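# Commentary on secondary and tertiary structure
The lines below spell out each chain.
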Amino acid sequence: MTERSAPPRRKRRWLVLFALTAALALVAGACTAGDGEAAGSYTDIINERGLTDEQVEAALKTYVPSGQWDEYVMFASGGHSGQVIAIGIPSMRILKNIAVFTPEPWQGWGYGNVEQMKVLEAGNVGDNQISWGDTHHPALSETNGDYDGQFLFINDKANARVAVIDLRDWETKQILKNPVSIVDHGGTMVTPNTEYVIEGGQYGNPLGWEYAPLEEYEAEYRGMVTFWKFDRDKGRIDESQSFALELPPYWQDLCDAGKNVSEGWVFCNSFNVELAKGKSVDGADFEAGVSAGENDYLHVINLRKAEELFKAGETIDVKGFPVIPLDKLIDAGVLYFIPEPKSPHGIDISPGGEYMVVSGKLDPHVTIYSFDKIQQAIADKNWVPDRYGVPVLDFDAVKEAQIEVGLGPLHTQFDDKGYAYTSIFLDSVVSRWSLGPPYKEGDEAWKLVGRIPIQYNVGHVAAAEGDTVSPDGNYLVSLNKWSIDRFLPPGPLLPQNLQLIDISKEPINPTVDVTGTDPNGMQLLYDMPMALGEPHYAQIIKADKLNPFEIYPEVGWDPATMQVDPEAPVPGNERVERDGNTVHVYMTAVRSRYTPDRVEVKKGDRVIWHITNIEQSLDATHGFALPGYNITLSLEPGETATFEFTANESGTFPFYCTEFCSALHLEMAGYFLVQP
Ligand code: RUQ
Ligand code: CUA
């Protein structure tokens, strides 16, 4: 086997910056002076392609030369694909589609590998196998409110499930089905030290989604938020330490965890305080019924007190899962509401935890609440109870500011300069506005300072580390729902459009007009078609915080346990053993052969097949495909895997390696023979 040296480990940001500066200088020279040998050719290219100065600048800011790495990695939800998509920034190159809720053949995810099948099967609903997900909100693990690069969580809205991905190998390790709700939305978010992974609900259902007619909505239906306890040492959610809260059947939407001054509190918005039941019951469809009222409620949750109730056993049992009932939450001061104007969406906490920002989908403002004022209103008992008895805090007492940002505001991110960025769906812009003290003081506070057009209909925005305690600024990605005319049309199903925006510069003017567009210092850099599903949210982490394995640490590594499997086949102990009607295969893979390369069984035998890739070279991955049996594996260097099946079809089945691993890759094959 040939060895090759590993490329340098550290990200070479200074190199990229140097290359960028040098290239800019060259182009500047080419455009202005027009002299020098190479200079003329740049001008020719620019002229031939008809590029403007701004387009050239955008190209230079996003170009990452061959062999160099991106400064940031964005983990975007994969929407309907049920996966997570990792994208380098600023190049916008896809690095990996991490298989999560949906079987994925290249990674061999869910095609026979016993440990992977267990992870996927844990996400089944009753007897129904669920082989897709609607991923919405990825959440990187945090330490002291900052991304630590260790784990990634993601929810499946369609079936109310959460998954845990280990960022040592970027593989899914755990999937959990929420026992309380059949649909979720407000997940996943983490508390500042990843003690809990938050999963909020969405459409109300009776607890455990038992049957109840819609006429009994008010009495029988409920909302929920679940707190999954994360065990960082094990790298798994600990179900036995997890619990949920019973909430009124207002459609809980997004959640965010408090941080710094508001650590220990959790905030979730909602949008069916009207308790609309649909046309069949109310005479009004959900669209009209759910948006009929002036206000919905921001849910303010004291997580520490909720945890105390859980530990004291103040719970009811729903499908074997502990749920703290609503009356106990009210009595113990766990739950408060705050009115939110006009079909709210989004809840985002400022970096220092002082402010809670919500948007009204039908209101042109963002509304900002103060955590101090919320605490004061609670202390003053400045509330009236809602129909379920939950205290509704006085809006004016807790409001800090309202800023007009445009039509259809949704989600907000933050930068390092005291600005917030709100996606504006209907106007198709991202609005930049300034925060109040301690970020900006006096006249500079609470002001709209920029509106950059995007193409088109933005949902979430993601800024570099833009929801942590220390945002980076630099870049923002607008995750647009419609692309319309941006790309060559691949038939009527168009890709989503992820647009990269430079937010590193200060605004030029102090204020802008809310009816117009004025990027005012922001610059659109790049359009990336996303053709795998609808990425909802994304998080952008500095690449040098990630420290993945280059190869598995030892030969025989089991990614399920993140340890060496003592039973893993290794060179010298390869064999085929029969035990009654069960045949055990112990196989190794290395360039360019399987040992053994012939396995013979009888029809009806149970086959338990172990393979170790004994390679220790970077990127020396082997595949394993068994035709006719729906089995495909990806065996990364050092990895061991086991698959099981019943040899129910007799015949001759050549198996082969599916990764072009060497010059003799086609020879990496063997025969599986099933005697009739
Ligand atoms: S929210 S539809 Cu993230 Cu705007 Cu889900
Ligand atoms: Cu191993 Cu191709």
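What counts as what
- Residues numbered from 1 in each chain as written.
- Chains lettered and ligands numbered in written order.
- Predicted model: local features only at pLDDT ≥ 70, side-chain atom pairs only at ≥ 80, totals over all residues.
- Heavy atoms only, no water.
- Helix = DSSP H or I, 4+ residues; strand = E, 2+ residues; numbered from the N terminus.
- Rg over C-alpha atoms; globule rule 2.2 N^0.38 Å.
- Buried < 20%, exposed > 50% of the residue type's maximum accessible area, 1.4 Å probe, protein only.
- Contact = heavy atoms within 4.5 Å.
- Areas by Shrake-Rupley, 256 points an atom, 1.4 Å probe, with all protein chains shown as cover.
- Lys, Arg positive; Asp, Glu negative; His and termini not counted.
- Charge placed at Lys NZ, Arg CZ, Asp CG, Glu CD.
- Domains from an automatic or database assignment.
- Buried area = accessible area lost by both parts, 1.4 Å probe.
- Salt bridge = Lys/Arg side-chain N within 4 Å of Asp/Glu carboxyl O.
- Polar contact = N/O pair within 3.5 Å; in protein donor to acceptor, adjacent residues only side chain to side chain.
- Nonpolar A, V, L, I, M, F, W, Y, C, P; charged D, E, K, R; others polar.
- Near = heavy atom within 4 Å.
- Pairing = 2+ DSSP bridges.
- Axes fitted to C-alpha atoms, helices over the stretch in contact; angles between N-to-C directions.
- Core = buried A, V, L, I, M, F, W, Y, C linked by side-chain atoms within 4.5 Å.
- Disulfide = S-S within 2.5 Å.
- 1 Å grid on protein atoms, 1.4 Å probe; cavity = no way out; pocket = protein on both sides within 12 Å on 5 of 7 lines; lining within 4 Å.
- Points joined across faces, edges and corners; volume = space filled by probe spheres on them.

Next up on the list: the overall build of the protein chain. Scanning the protein chain from N- to C-terminus turns up 11 helices and 44 strands. Its C-alpha atoms give the protein chain a radius of gyration of 27 Å, near enough to 26 Å, the size a compact globule of 676 residues would have. The principal-axis extents of the C-alpha atoms in the protein chain amount to approximately 80 × 75 × 45 Å. Across the 676 residues that make up the protein chain, the buried fraction comes to 59%. Sequence separation of 24 or more characterises 64% of the internal contacts of the protein chain that already satisfy a separation of 6 or more. As presented, the protein chain carries roughly 27100 Å² of accessible surface, and 52% of it is formed by carbon and sulfur atoms. For the protein chain, the separation between the mean place of its 53 positive charges and that of its 97 negative charges on side chains is 3 Å.

Before going further, it helps to examine the domain arrangement of the protein chain. The domain architecture assigned to the protein chain consists of domain 1 (9-62), domain 2 (72-545) and domain 3 (557-675). Each of domain 1 and domain 2 has a C-alpha centre, and the two are 39 Å apart. Here domain 1 packs against domain 2, burying approximately 790 Å² in sum over the two surfaces, 49% of which is carbon and sulfur. Put simply, domain 1 and domain 2 have two salt bridges between them. Here Lys61 ties to Asp502 by a salt bridge, and the two come within 2.7 Å at their closest N and O atoms. At the surface where domain 1 touches domain 2, the tally comes to three residue pairs in polar contact (both at pLDDT 80 or more). Element by element, the count of residues in the side of domain 1 that touches domain 2 is highest for helix H3 (residues 53-62), at five residues. Residue composition of the side of domain 1 that touches domain 2, grouped by class: one nonpolar, one polar and six charged.

The subject of this paragraph is the site of ligand 1. Every residue lining ligand 1 is accounted for by His136, His137, His185, Leu254, His345, His411, His460 and His536. Looking at the shell around ligand 1, its residues break down into one nonpolar, seven polar and no charged.

This brings us to the sheet that holds strand S26 (residues 429-434). Pairing in this open sheet of four strands is antiparallel, and the strands run S24-S25-S26-S27 from one edge to the other. Here the strands that pair on one side only, and so sit at the sheet edges, are strand S24 (409-414) and strand S27 (448-453). Along the sheet, successive strands turn relative to each other by an average axial angle of 25 degrees, direction set aside. Inspection of the sheet shows S26 paired to S27 by five bridges, in the antiparallel sense. Note that in S27 the partner of Val430 across the bridge is Ile452.

Okay, the environment of Ile611 next. Counting through the fold element by element, Ile611 comes out in strand S39 (residues 606-613). Along the primary structure Ile611 and Thr422 are separated by 189 residues, whereas in three dimensions their C-alpha atoms are 50 Å apart. The contacts of Ile611, once residues within four sequence positions are left out, are Pro569, Met587, Thr588, Ala589, Phe624, Leu633, Leu635, Glu639, Thr640, Ala641 and Phe643.

Further remarks concern the nonpolar core. Phe227, Leu245, Phe267 and Ile374 are the most contacted members of the largest nonpolar core, which has 56 residues in total. Ignoring anything within four residues of it in the chain, the contact list for Phe227 reads Tyr196, Val197, Ile198, Ser242, Phe243, Leu245, Val266, Ile301 and Leu303. Val583, Met587, Tyr594 and Val674 belong to the second largest nonpolar core, which has 27 residues in total.

Checked against the element boundaries, Gln496 lands in strand S30 (residues 496-502). A residue is classified by how much of its surface remains accessible, and Gln496, at 11% relative accessible area, is buried. Other than its neighbours up to four places away in sequence, Gln496 contacts Asn480, Lys481, Ser483, Phe487, Met528, Pro529, Met530, Gly533, Glu534 and Pro535.

This part covers the environment of Tyr42. Position of Tyr42 among the secondary structure elements: in helix H2 (residues 39-49). Distance in space between the C-alpha atoms of Tyr42 and Cys657 is 45 Å, their sequence separation being 615 residues.

Another aspect to go through is the sheet that holds strand S15 (residues 316-318). Here we have six strands laid out as an open sheet, ordered S8-S9-S10-S11-S16-S15, and mixed in their pairing. Of all the strands in the sheet, just strand S8 (184-190) and S15 have a single pairing partner and so form its edges. For this sheet, the mean inter-axis angle between neighbouring strands, taken without regard to orientation, is 30 degrees. By the bridge criterion, four bridges tie S8 to strand S9 (residues 196-201) in an arrangement that is antiparallel. Paired with Asp184 across the strands is Gly201, a residue of S9. Where helix H8 (residues 303-311) meets the sheet, it contacts S9, strand S10 (223-231), strand S11 (236-247) and strand S16 (321-324), and its direction lies at approximately 105 degrees from that of S11.

Next up on the list: the state of the cysteines. In total, this model carries one disulfide according to the counting rule given. Paired through a disulfide, Cys255 and Cys268 show a sulfur-sulfur distance of 2.2 Å. Here Cys255 and Cys268 share a disulfide; its torsion about the S-S bond, 105 degrees, makes the bridge right-handed. Taken as a pair, Cys255 in strand S12 (residues 252-257) and Cys268 in strand S13 (residues 265-270) lie far apart in primary sequence, 13 residues in all. Relative accessible area serves as the criterion here: at 3%, Cys255 is assigned to the buried category.

For the peptide bond that leads from Pro437 to Pro438, omega is 5 degrees, which places it in the cis range. Note on placement: Pro438 falls in the loop between S26 and S27. Going from Thr595 to Pro596, the amide bond is cis rather than trans, its omega being -5 degrees. The backbone phi angle of Ser343 is positive, close to 50 degrees, even though this residue is not glycine. Residue placement: Ser343 occurs in the loop between strand S17 (335-341) and strand S18 (344-349).

What follows is about the pattern of salt bridges. Enumeration over the complete set of coordinates arrives at 27 salt bridges. The closest approach of N and O atoms between Asp485 and Arg486, which form a salt bridge, is 3.0 Å. Taking the relative accessible area as the measure of exposure, Arg486 reaches 34% and is therefore partly exposed. For Asp605, the salt bridge goes to Arg578, with nearest N and O atoms at 2.5 Å. With a gap of 27 residues between them, Asp605 in the loop between strand S38 (598-602) and S39 and Arg578 in strand S35 (residues 575-579) connect regions that are remote in the sequence. When its relative accessible area of 3% is taken as the criterion, Asp605 is described as buried.

Taken together, the five bridges between S35 and strand S36 (residues 582-590) define a ladder with antiparallel strand orientation. Paired with Arg575 across the two strands is Tyr586, which belongs to S36.

The final tally for this structure, using the stated rule, is three cavities of 30 Å³ or more. Empty space within the largest cavity amounts to approximately 240 Å³. Every residue lining the largest cavity is counted, 26 residues in all, and those nearest its centre are Met189, Asp256, Asp467, Tyr537 and Gln539. Only strand S4 (139-143), S8, S12, S18, S24 and strand S28 (458-464) provide two or more residues apiece to the lining of the largest cavity.

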